[in-house]
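# Structural overview for review
Given next are the chains, with one letter for each unit.
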Amino acid sequence: MIAEAGLAALWLAAGLAALQFLLMVLALRTGADVARTMRAIAIVQGALTLVSFAMLLLVFARTDLSVALVYENSHSAKPFIYKVAGAWGNHEGSMLLWVTVLAVAGAFFAWLYRRKRERTLVAALGSQAVLALGFYAFLLIASNPFARLNPPAVEGRGLNPLLQDPGLAFHPPTLYLGYVGLSVAFSLAVGALLTGQVDSRLARAMRPWVLGAWILLTLGITAGSYWAYYELGWGGWWFWDPVENASLMPWLAATALLHSINVLAARGALKAWTMMLAVIAFSMSMVGTFLVRSGVLTSVHAFAIDPERGTFLLALLFVYVGAAFALFAWRAPALKEGAPFDLVSREAGLVINNLFLSVILGIVFVGTLYPLIVEAVSGEKLSVGAPYFNAVAGPLALVLAVLVGTGPLLTWRRQTRPVFPRLKVPALAAATALFITIVAAPGIAILPRLAFTVAAFLAAAAVVPLTNRNPLRTPLATWGMVIAHFGIAVALTGMAANAAFTSETLAVAKPGEQLRVGPWRVVLDSVVPTAGKNWTAIEGQLRAARGNQLVKLQPQMRYFTDPPTETNEAAIRTFRDGQLYTVIGKPEPSGAWQLRLWWKPFVTLIWAGGVLIALGGLVALVGRVFRRRRREPSWRARYS
Amino acid sequence: MRFAPLALLLLVVAALVWRLATPEDTTVKSRMVGQLVPDLVLHSALPGGPDRPLRSGSCGPVVVNFFASWCVPCIAEAKRLAELKRQGVPIFGIAIRDRPQDVANFLARNGNPYEELAADPQSKVQIAFGASGVPETFVIDPYCIIRHQHIGPIEQEDVPIIRKQWEDLRK
Amino acid sequence: MRWLLALLLALAPVPLLADSDLPPAYWANRQLPDPRQEAKARGLMEELRCLVCQGQSIADSDAELAGDMRDLVRRRIAAGERPDKVRAWLIARYGSWISYRPTAEPAAWPLWLAPAALLLIGAFLIRRRIGARR
């Protein structure tokens, strides 16, 4: 019953989406006043998909083995949290999550959008409905999560042990809220292009939605990176794997969009760019969804490989992105550009910032798809991996980081006062950092060295906008900017430290043998068997000592039975100045055990930086939303 | 300029459609086909057997078969290799990552189609040939040049093909 | 990492369907005594694709062939060979697909030209917006 209820809710939601679309067509043709009706429909549609998703969660929570999806991806012996999180640990379930976020984002948008531009609202809601329709069709026709199994199975096949981790509870939902949340920006852009109402008011309306989605996307990517780092036992945090790139591309586009919106909101300029970026951001989300599920690119993260479904998704992508691009090509000439600005001005700074972000996005896009294109054209197989992306995107990112430090110090329209005096302290910080790295670490590579220098510059420059003003009267949006930009410097420092100072020790050690990694002495005391709820393991007992510090670590090699798999559980200890990361491998006939030990100084700064960036966005969002509420008392009067 | 994004989309979708239509071939083809056989000396898989340099005056034509006692498809393949041997095709076997005892047991159970048998405990010969798994089979001509690679087990329909490849090289 | 092997094997007709029970090669999981050589070897291993678990480098892969390749790389670097030569030797056997670093072949030139091209195109597009009017 529950599964059928979930399926019925989904059908109903799809029907409502169709109705929503028809209403939009009606309104645009006849000018009928459908805004209130459309809002109501969008909200009910969102509620229905939530119900559907709740049904899926319920079915997984109860391990209802008469549902095919539960049989294929769950097991009665799994810990409860993984039973529930396992609902989205597979293709159909995660696609339902995707569609739920799409519909719920639309519902929130319909509920909270309070600007007077109802034609644009109607067009935007119609666009959101069209998006939803295609994906409802995909779900209901090609990826039904509620399909029954008759007769019901006796036991499930289990969830991939690599996914039996808190990361599964956090990473996909946050990531989806992020990049499917960008659909609202897409729909607003499409709506505004249709009605021609592209101006600073639109930008101010779009901004909180972009900010919200961007914050969650930042958190989702940061979480994904950390999860892969500690779960896969390889000590790395980014591989430039196609699936990772698929999540990075929407983020790059959304970051550029965020900054472009600020220009449009403040100065009415960059209309065409902002609309194009809004379309590109969600398009990249759809491209990512396609890449991850179609099996078109080889990846260690790909979780569903089905060319048939891939074809359906590609068709959806082609129609949606093609229509949006065509709409842009048709309507862009009608956009009247806003006030002009000088080469040295904040607008120009933001434009150049967007240029660099777009170029990096372009490089990631090209690098990810290039092997495919070469093979299609010439039949040759070549690979594009980390060496390419690091060599090309790295320096660009560093230049961008310098711009991030200087841009906020420029004024709108034309920079009249000299900027360089305000950069004296950051420049000094950079020079000091460079000097220190040359003296204390002469052997490191050039890119990490430059990264340290730039990070020092950015860390100092990021706080300059706060100087010479009353901190209590500084808008929250400015605080948000400062925190986010500072977060970039923090993350950059972590990346450089990881690249330059990581020590690795690989050894095959007998119990009692002493190993060294970085400043640590590590001894393998013994290897003991152990067990958990649905796994058995061999556990290494390690003792590590550095000066007066003494820690114990227990890396494990776990064996699961449903499905039969082996995973590595690294033992990681975090200190103020780095992480000790230990992995145990297989035994050799001599009775010695394979060990991989890393000492990674300051590596946690990478993810701390990511969190700071998201936090900055949150502060800015709160600031923007509250500023609006303060300025519109009628809003509060209406709803209190 | 405003049509550039559309053009780019068309290009990308075309490439993706192509890829969906022609799924990726995940087998790794050796680039050594057409090149001289690696200049290595093979050690016998059976204790006390002779060493054999790969390049010599009498290189071929010969069929080289990479196999292993722990390789499941190799069991069925052994029958096809026996068939090839019956048809007069000389086959050299190279056992990957195997112990002499296990090789001997495997051959005792499944028959020994090999004229000579070499051991490759650390996959060095396999890598030198550009092979990436077991079983794989190569055909070598009289001038020590690798002419053909067959990836995967030899099926019944492959037997006449390999036989013909070997025969053509005898001329 | 076995599950990756199992998953990929389930999808692709790779002949390897079991593992041997010989231990890994000596230098598969041990570091060279000379740290500079080990760093060079490690740098190279991270740029070579594992032929079995095709989405990983041989430095991270648990596949036996990856271990044997790590052993090969370390032995050659310890013997004084330059990483470029070892890479070229492997490319001569498996094709440029095995190298995550795109090679200098003509097919890869657009990759290296792309950043400059993108920057130029972008600069051209924004040139008209900045500064011209007052």
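Computed from a predicted structure; not experimentally measured. (Residues numbered from 1 in each chain as written. Chains lettered and ligands numbered in written order. Predicted model: local features only at pLDDT ≥ 70, side-chain atom pairs only at ≥ 80, totals over all residues.)

### Overview of the overall build of chain C
Scanning chain C from N- to C-terminus turns up five helices and zero strands. Counting from the amino terminus, helix and strand elements in chain C follow one another as α-α-α-α-α. Classification of the 134 residues of chain C by burial places 46% in the buried group. Contacts in chain C between residues far apart in sequence, at least 24 positions, make up 56% of those at least 6 positions apart. (Helix = DSSP H or I, 4+ residues; strand = E, 2+ residues; numbered from the N terminus. Buried ≥ 20, exposed ≤ 12 C-beta atoms within 10 Å, placed from the backbone. Contact = placed C-beta atoms within 7 Å.)

### A short note on the sheet that holds strand β1 (residues 41-44) of chain B
Residues and elements named next belong to chain B. Ordered by their spatial adjacency, seven strands build an open sheet running β2-β1-β5-β4-β3-β6-β7, and the pairing between neighbours is mixed. Edge positions in the sheet fall to β2 (52-53) and β7 (146-151), since each has one partner strand and no second. In terms of strand pairing, strand β4 (residues 91-96) meets strand β5 (residues 116-120) through five bridges, oriented parallel. Of the residues in β5, the one forming a bridge with I96 is D120. (Pairing = 2+ DSSP bridges.)

### Things to note about the environment of A456 of chain A
All names here are of chain A. Turning to its location among the elements, A456 is positioned in helix α15 (residues 446-463). Judged by the 24 C-beta atoms lying within 10 Å of it, A456 falls in the buried class. Sequence separation of A456 and T536 is 80 residues, and the distance between their C-alpha atoms is 47 Å. Not counting the four nearest positions on each side in its chain, A456 is found in contact with A429, A430, T432 and A433.

### A few points about the interface of chain B and chain A
Contacts between the two partners involve 14 residues from chain B and, on the opposite side, 18 residues from chain A. Of the residues contributing to the side of chain B that touches chain A, the split by class is 12 nonpolar, no polar and two charged. (Nonpolar A, V, L, I, M, F, W, Y, C, P; charged D, E, K, R; others polar.)

### Focus on the environment of A59 of chain C
All names here are of chain C. Mapping A59 onto the fold places it in the loop between α2 (35-45) and α3 (64-78). On the basis of neighbour count, A59 is assigned to the buried category, with 23 C-beta atoms found within 10 Å. With 17 residues separating them in the primary sequence, A59 and R42 have C-alpha atoms 7.3 Å apart. With residues near it in sequence (within four places) discarded, A59 still touches R42, M45 and E46.

### Some remarks on helix α1 (residues 4-21) of chain B
An α-helical segment advances 3.6 residues per turn. Residues three or four places apart therefore align on the same side. With 18 residues, α1 of chain B should reach 26 Å at 1.5 Å per residue; the first-to-last C-alpha distance of 26 Å fits that figure. The set of residues buried in α1 of chain B consists of P5, L16 and R19 of chain B. Down the axis of α1 of chain B, the sector holding all buried residues measures 55°, keeping them to one side. Facing away from the buried side of α1 of chain B by more than 90 degrees, the exposed set consists of A7, L11 and A21 of chain B. As for α1 of chain B, its buried residues are in contact with α11 (307-331) and α12 (346-378) of chain A. (Expected span 1.5 Å × (residues − 1). Arc of directions from axis to C-beta.)

### Quick look at the packing of helix α6 (residues 118-142) of chain A against helix α7 (residues 166-195) of chain A
Packed helix pairs are characterised by how far apart their axes lie and by the angle those axes make with each other. All names here are of chain A. Remark: α6 packs on α7, axes separated minimally by 7 Å, with the N-to-C direction vectors making an angle of 130°. If you check the angle between α6 and α7, you find them oblique. Taken as a pair, α6 and α7 cross one another with a handedness that is right-handed. For the pair α6 and α7, contact is made by R119, T120, A123, A124, S127, Q128 and L131 and by S183, S187, L188, V190, G191, A192, L194 and T195, respectively. The residue inventory of the contact of α6 with α7, partitioned by class, reads seven nonpolar, seven polar and one charged. (Axes fitted to C-alpha atoms, helices over the stretch in contact; angles between N-to-C directions. Parallel < 35°, antiparallel > 145°, perpendicular 65-115°, else oblique. Left-handed = near helix turned anticlockwise from the far one by under 90°.)

### A look at the sheet that holds strand β1 (residues 503-509) of chain A
The strands making up a sheet are joined through hydrogen bonds of the backbone, oriented either antiparallel or parallel. Residue and element names in this part refer to chain A. The strand order across the open sheet formed by four strands is β1-β10-β9-β8, and the pairing between neighbours is antiparallel. The open sheet has two edge strands, β1 and β8 (571-575), and neither has a second partner. Direction aside, neighbouring strands of the sheet carry axes that sit 15° apart on average. One ladder, built from five bridges, connects β8 with strand β9 (residues 578-587); its direction is antiparallel. By the bridge assignment for β9, I572 is matched with Y581.

### What about unusual backbone geometry?
All names here are of chain A. Omega for the bond connecting N150 with P151 falls within 30 degrees of zero, at 0°, which places this linkage in the cis form. The residue P151 is located in the loop between α6 and α7 in this model. The backbone of N468 shows a phi angle near 60°, a positive value even though the residue is not glycine. Counting through the fold element by element, N468 comes out in the loop between α15 and α16 (476-501). Its 7 C-beta neighbours within 10 Å are what place N468 among the exposed residues.

### Some thoughts on the interface of chain A and chain C
Accessible area lost during the coming together of the parts is what is often quoted as the interface size. In this complex, chain A contributes 45 residues to the contact, which on the side of chain C involves 36 residues. When residues of the side of chain A that touches chain C are traced back to their parent elements, those giving at least two are α12, α13 (386-406), β1 and β7 (565-569) of chain A. With 12 residues, the top contributor of residues to the side of chain A that touches chain C is α12 of chain A. Here the residues of the side of chain A that touches chain C sort into 26 nonpolar, 13 polar and six charged.

### Points about the domain arrangement of chain A
Residues and elements named next belong to chain A. Domain boundaries in chain A define domain 1 (1-164) and domain 2 (503-601). A separation of 43 Å is found between the C-alpha centroids of domain 1 and domain 2. Taken together, the contacts link nine residues of domain 1 with eight residues of domain 2. Residue composition of the side of domain 1 that touches domain 2, by class: four nonpolar, three polar and two charged. (Domains from an automatic or database assignment.)

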